[in-house]
Amino acid sequence: MDNLPTTAQRQSFDERGYLLVQGVLDEEDFAPLRRVISAAIDHYAKKLYDQGKISGLYKDLSFYHRLTRIQRESQKGPLLGWNWNKEVFSREVYELLTHPKILDIVASLIGPEITVNGDYWIRFKMPTGGESVFPWHQDSIYYNGNADPDQQVIFSEESEILTVWIPMVDVDEHNGCLQIIPGSHKQGLRPPRRDENGRLVPIEDVESWGEVQNVCMKVGDILVFGNLTFHRSLENTSEDIRWSIDLRYSPTGSPLEWLLQKWPGFIAHSEQPETVESWEMWEAKRTPPDPI
Ligand SMILES: O=C(O)CCC(=O)C(=O)O
């Protein structure tokens, strides 16, 4: 496979805590996911329309504008936050999680025994509005055994979780691409605090640990980073929604009981292929999809 990380790229991943791999996915890989998202938006629009909160379904608006229009008119409706998990749980998400091109890259970094956890997120970063700013964080701060971030992290630092972050539009500093602090994973797990909005933010001046990188990406590129690598995303100052999905992978057998209880996952890749779990097996472990 052309996109497999070279030895130098794997070394850079170890050194810098992230790896950008270009041109991994094709347009056709995104089409099923866009259909799932569009169906979720259809459902949401119909619900708000029936409740008299919007005056039209806005079906003629594009994938990049429709949800913004609906949200503005409904004054946000019941849609809190800016990410979906169970709302888009589907075979299409399974197909992306098990895409051979993605799994081959993940296997080259963490080995062939790979478990997906169900903590994936479709994110719609709306144009403007500070509420979709995601402050500096290490993903590990959200992996708390008691699901209460105030109790800080229970997982050990050895629980390796790779995030694969995939934009569905080209991203740069104007529409809220990810920013990364190279090498910040070497600081180990750092305790966060809550800011005035209740969000978890670092206590320390993390930007002093490395030069902040804007990770500009084209559709088809994927970004891989570890659970200790500090990252964030700022406002989307463009006119279009910044759609993305982030997926998470660990070596099978990692101590992730709490995470897997909250977000059941499945074995996605193995040298013993008979242990790999199908969509039907994953579906049976999860509660049914929950429309918006
Ligand atoms: O998509 C974003 O803007 C933030 C995503 C993120 O922090 C993550 O995937 O861990």
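For the structure itself, look to the data block above.
Residues numbered from 1 in each chain as written. Predicted model: local features only at pLDDT ≥ 70, side-chain atom pairs only at ≥ 80, totals over all residues.

(A) Examining the sheet that holds strand β10 (residues 213-215) more closely. The four strands are arranged β5-β12-β7-β10 in an open sheet whose pairing can be described as antiparallel. Across the chains shown, the open sheet's two edge strands, defined by having one partner strand only, are β5 (134-137) and β10. Sheet twist, expressed as the average angle between the axes of neighbouring strands with direction ignored, equals 25 degrees. In this sheet, strand β12 (residues 231-233) lies alongside β5 in antiparallel orientation, the contact comprising two bridges. Bridged to Phe 134 within β12 is Ser 233. (Pairing = 2+ DSSP bridges. Helix = DSSP H or I, 4+ residues; strand = E, 2+ residues; numbered from the N terminus. Axes fitted to C-alpha atoms, helices over the stretch in contact; angles between N-to-C directions.)

(B) Inspection of the environment of Gly 118 at higher detail. Examined against the element boundaries, Gly 118 turns out to sit in the loop between β3 (114-116) and β4 (121-125). The class of Gly 118 is buried, set by 20 C-beta atoms lying within 10 Å. What Gly 118 contacts, discounting residues up to four positions off in sequence, is Trp 263, Pro 264, Gly 265 and Arg 286. (Buried ≥ 20, exposed ≤ 12 C-beta atoms within 10 Å, placed from the backbone. Contact = placed C-beta atoms within 7 Å.)

(C) Representation of the site of the ligand within the structure. The immediate surroundings of the ligand are formed by Arg 123, Lys 125, Phe 134, Asp 139, Thr 163, Trp 165, His 231, Ser 233, Ser 244 and Asp 246. Secondary-structure elements contributing two or more residues to the shell around the ligand are β4, β6 (162-167), β12 and β13 (242-251). Among the residues making up the shell around the ligand, the classes are represented as two nonpolar, four polar and four charged. (Near = placed C-beta within 6 Å. Nonpolar A, V, L, I, M, F, W, Y, C, P; charged D, E, K, R; others polar.)

(D) Just the pairing of β4, in detail. Counted residue by residue, β4 has four buried out of five residues, so it is predominantly covered. Sheet topology note: the β4/β13 ladder contains five bridges and is antiparallel. Bridge assignment links Lys 125 to a residue of β13, and that residue is Arg 242.

(E) Representation of the nonpolar core. Grouped together as the largest cluster of nonpolar side chains are 59 residues, with contacts concentrated most on Leu 97, Val 106, Val 164, Leu 223, Val 224 and Tyr 249. Residue contributions to this core peak at seven residues, all from helix α2 (residues 27-50). With sequence-adjacent residues up to four places away left out, Val 224 is seen in contact with Tyr 18, Leu 19, Val 21, Ile 105, Leu 109, Leu 162 and Val 164. (Core = buried A, V, L, I, M, F, W, Y, C linked by C-beta atoms within 7 Å.)

Any link to function would need more than the numbers given here.
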